[in-house]
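Next come the chains, spelled out residue by residue.
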Amino acid sequence: SVGKTSFIRYLLESDFPGMHVGPEPTTDRFQAIMYGAAARELPGNALASNPDTPFYELSRCFGNAFLSKFSGCEVPSLFARGCTLIDTPGVLSGRKQTEDRLYSYEDVVRWFAPRADLILLMFDAHKVDISDEFKRVIEVLQGHDDKVRVVMNKADSLSPEELLRVNSALSWSLSRILRSPESRRVYVGSFWDAPLRHGNFLNPLFESEAVALLTDLAAVPRNCTVGRINALVARTRRVRVQALLLQHLRAEMPKVGSKDRKQRELIAGIEDVFYAVMKRHNLPAGDFPDVSKFRHTLATSEACRDFAKFKKLDPRSLDALEAILSTDVAQLMERFDAIPGGGLAPAATEASPSPSVHAGGAPVAVPPMDPWAAASPAAAQAKEAAAASTPTPADPWSHPPPGGTDPWSTQSLGAALPESEPNRRGAGGGGGAGSAVLDGLFG
């Protein structure tokens, strides 16, 4: 009812298989919208059983209870060519309704969050109250604040006074959950393919908000590779810290005597272990995991039943991690800085015009005209003038030539990121250079 599916249709500029739109919450399943030569629907079990898709792990994590409520589709849309969209069910307010799902909504969001490049929290301007389930979902997104964008939809149906009160109430409610000292940016507008309500003097504001949101979305494919490098660095730093923590716990275990009592003391005083490792190896406190979660894992995980059986840390593996952070990442960034810019091929741009915002029945074109091209018409004109005088460099984001490579494929990314995981189009993902080192620290 907040307009998530209508917003996706607005981006794709066409209907997509499995789409349901209505005044009540109509989306009852997670749906992945991907690019394809022809529109078709894909069942969830078939999609999750394909190891070449980023959804392969869903079958092992959640089983049939979730896969029966998961599906995918392919659409021949220019927007979908650059990213994969995930349409989610609406959150529920009643406890009985949430129990009838047969799967944990929060756990599914927790699985998708680190793999996503951008997360949109959409609110209906008439219903900005945050239910208990929605609150838990937002709390799951802690640690991914840089990916979260807040969108207030259907704002053109409110008077300016009502919009001011609703926007203030939403900002106050989010500040209590997100625990951030900064005020969260809220995109305000009416994000669907119908014109804005005639006579509202705030329509120019809604149009500029639509431009800002589309520009933010247009930057996702270009920033995806850099985001993966950032995730690689973050994962490497976490692995280094956890390796040193487990090595410290192993060294503290007695050779003889009561190992169980010593292990319980170490778990109870895990804060002292964190402090000792941080001082000994001169590590920043921000690299350490959450204390309560780490303590719970040590106390309940079968792999942590006996600290003395932890495999001894190989100093060469630790040196390899340091090499990734100090030299390998810098070399990767130099490679990507050398990639030429540019938009999609002209034929692709002409095949699918950019979305537009309608004010009072008159369509207003929204820059950028091409979602993956420059952010303003002036920049596009400057680019055309430069292209007329100098040879155009190869554009890695254009349509692949016959027999060429797809820039979103595993092979293309693998040329710069050796030993990368299978392609996760638009869904994020870890891995990359040094994966063998990260996975082999403890055998």
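None of these values were measured; they are calculated from a predicted model. (Residues numbered from 1 in each chain as written. Predicted model: local features only at pLDDT ≥ 70, side-chain atom pairs only at ≥ 80, totals over all residues. Heavy atoms only, no water.)

**Describing the overall build of the protein chain**
Thinking step 1. Per the secondary structure count, the protein chain includes 18 helices and nine strands.
Thinking step 2. Expressed as a percentage of the 443 residues in the protein chain, the buried residues total 43%.
Thinking step 3. Within the protein chain, counting contacts between residues at least 6 apart in sequence, those at least 24 apart form 75% of the total.
Thinking step 4. Of the roughly 23100 Å² that the protein chain leaves accessible, carbon and sulfur atoms contribute 55%. (Helix = DSSP H or I, 4+ residues; strand = E, 2+ residues; numbered from the N terminus. Buried < 20%, exposed > 50% of the residue type's maximum accessible area, 1.4 Å probe, protein only. Contact = heavy atoms within 4.5 Å. Areas by Shrake-Rupley, 256 points an atom, 1.4 Å probe, with all protein chains shown as cover.)

**Brief notes about the packing of aromatic side chains**
Thinking step 1. Inspection of every chain in the model, using the stated rule, returns 16 aromatic pairs.
Thinking step 2. Ring centres of Phe 30 and Tyr 103 lie 6.4 Å apart, and the angle between their planes is 65°; this geometry places the pair in the edge-to-face category. With Phe 30 in strand β1 (residues 30-35) and Tyr 103 in the loop between α6 (95-99) and α7 (105-112), this pair connects stretches of sequence that are 73 residues apart.
Thinking step 3. Looking at Phe 30, the relative accessible area reads 1%, which means it is buried.
Thinking step 4. A residue is classified by how much of its surface remains accessible, and Tyr 103, at 12% relative accessible area, is buried.
Thinking step 5. Taken together, Phe 30, Phe 55, Phe 62, Phe 66, Phe 70, Tyr 103, Tyr 105, Trp 111 and Phe 112 form an aromatic cluster joined through their ring pairs.
Thinking step 6. Looking at Arg 115, its charged tip hangs above the ring of Trp 111, at a distance of 4.0 Å from the centre.
Thinking step 7. Taking the ring centre of Tyr 187 as reference, the NZ or CZ of Arg 185 above it sits at 4.3 Å. (Phe/Tyr/Trp six-rings, centres within 6.5 Å; stacked < 30°, edge-to-face > 60°. Lys NZ or Arg CZ within 6 Å of the ring centre and 35° of its normal.)

**A few points about the sheet that holds strand β2 (residues 40-43)**
Thinking step 1. As summarised here, the arrangement of the four strands in space is β2-β3-β1-β4, forming an open sheet in which the pairing is mixed. Looking at which strands have only one partner, the edges of the open sheet turn out to be β2 and β4 (85-87). Going from strand to strand, the sheet's axes swing by 25° on average, the running direction of each strand aside.
Thinking step 2. Bridge count between β1 and β4: three bridges; the pairing is antiparallel. (Pairing = 2+ DSSP bridges. Axes fitted to C-alpha atoms, helices over the stretch in contact; angles between N-to-C directions.)

**Re the sheet that holds strand β6 (residues 148-153)**
Thinking step 1. Within the open sheet, the three strands sit side by side as β5-β6-β7. Their pairing is parallel. The two strands at the open ends of the sheet, each matched to only one other strand, are β5 (119-124) and β7 (186-188). Taking the axes of each pair of neighbouring strands and ignoring which way they run, one obtains an average angle of 25° across the sheet.
Thinking step 2. For β6 and β7, the ladder comprises three bridges, and the chain directions are parallel. Paired with Val 150 across the two strands is Val 186, which belongs to β7.
Thinking step 3. Against the sheet, helix α10 (residues 203-252) contacts β5, β6 and β7, and its axis sits at roughly 130° relative to β7.

**Things to note about the packing of helix α8 (residues 132-140) against helix α9 (residues 160-178)**
Thinking step 1. It is the contact of α8 with α9, at a shortest axis distance of 9 Å, that shows an interaxial angle of 55°. Viewed along their axes, α8 and α9 adopt a mutual orientation that is oblique. Crossing handedness for the pair α8 and α9: right-handed. From α8, Lys 135, Ile 138 and Glu 139 reach across to α9, where they touch Leu 174, Ile 177 and Leu 178.
Thinking step 2. Tallied by class, residues from the contact of α8 with α9 come to four nonpolar, no polar and two charged. (Parallel < 35°, antiparallel > 145°, perpendicular 65-115°, else oblique. Left-handed = near helix turned anticlockwise from the far one by under 90°. Nonpolar A, V, L, I, M, F, W, Y, C, P; charged D, E, K, R; others polar.)

**What about the pairing of β1?**
Thinking step 1. β1 sits mainly inside the fold: five of its six residues count as buried.
Thinking step 2. As judged from the six bridges shared by β1 and strand β3 (residues 70-75), these two strands associate in the parallel manner. Paired with Gln 31 across the bridge in β3 is Ser 71.

**Side note on the nonpolar core**
Thinking step 1. Grouped together as the largest cluster of nonpolar side chains are 46 residues, with contacts concentrated most on Leu 58 and Phe 70.
Thinking step 2. In terms of residue count, α9 provides more of this core than any other element does, six residues in total.
Thinking step 3. Leu 58 has contacts with Ala 48, Gly 63, Phe 66, Leu 67, Phe 70, Trp 111 and Phe 112, leaving out every residue within four places of it along the chain. (Core = buried A, V, L, I, M, F, W, Y, C linked by side-chain atoms within 4.5 Å.)

**Thoughts on the side chain of Asp 156**
Thinking step 1. Within the secondary structure, Asp 156 sits in the loop between β6 and α9.
Thinking step 2. By relative accessible area, which is 10% here, Asp 156 ends up buried.
Thinking step 3. Reaching out from Asp 156, the side chain makes a polar contact with the side chain of Ser 190 at a distance of 3.4 Å.
Thinking step 4. Setting aside residues up to four positions removed in sequence, Asp 156 forms contacts with Ser 190, Pro 195, Leu 196, Arg 197, Asn 200 and Phe 206. (Polar contact = N/O pair within 3.5 Å; in protein donor to acceptor, adjacent residues only side chain to side chain.)

**Points about the confidence of the model for the protein chain**
Thinking step 1. Across the protein chain, the average pLDDT comes to 75, with 71% of residues at or above 70.
Thinking step 2. Confidence, expressed as mean pLDDT per element, reaches its minimum in the protein chain at helix α15 (residues 346-351) with 38 and its maximum at helix α12 (residues 270-281) with 94.
Thinking step 3. For the stretch residues 339-376, pLDDT sits under 50, and the model shows 94 contacts to residues farther than four places along the chain or on other chains.
Thinking step 4. A low-confidence stretch, residues 392-443 (pLDDT under 50), is modelled with 111 contacts involving residues beyond four sequence positions or located in other chains. (pLDDT = per-residue confidence, 0-100.)

**Overview of α8**
Thinking step 1. All buried positions along α8 are accounted for by Glu 133, Phe 134, Val 137, Ile 138 and Val 140. Along the long axis of α8, the arc covered by the buried residues comes to 155°, so they all point the same way. (Arc of directions from axis to C-beta.)

**Examining helix α1 (residues 4-12)**
Thinking step 1. By the criterion of burial, α1 is predominantly enclosed, with eight of the nine residues buried.
Thinking step 2. The set of residues buried in α1 consists of Thr 5, Ser 6, Phe 7, Ile 8, Arg 9, Tyr 10, Leu 11 and Leu 12.

**Overview of the pattern of salt bridges**
Thinking step 1. One pass over the full model with this rule turns up 14 salt bridges.
Thinking step 2. One salt bridge connects Glu 106 with Arg 136, and the closest N-O pair in it is separated by 2.9 Å. Linking Glu 106 in helix α7 with Arg 136 in helix α8, this pair joins segments that are 30 residues apart in sequence.
Thinking step 3. Among the ionic pairs, Glu 322 bridges to Arg 240, the shortest N-O distance being 3.1 Å. On the criterion of sequence distance, the pair formed by Glu 322 in helix α14 (residues 315-337) and Arg 240 in helix α10 is long-range, its members being 82 residues apart.
Thinking step 4. Through salt bridges that share partners, Arg 237, Arg 240, Asp 287 and Glu 322 make up one connected network. (Salt bridge = Lys/Arg side-chain N within 4 Å of Asp/Glu carboxyl O.)

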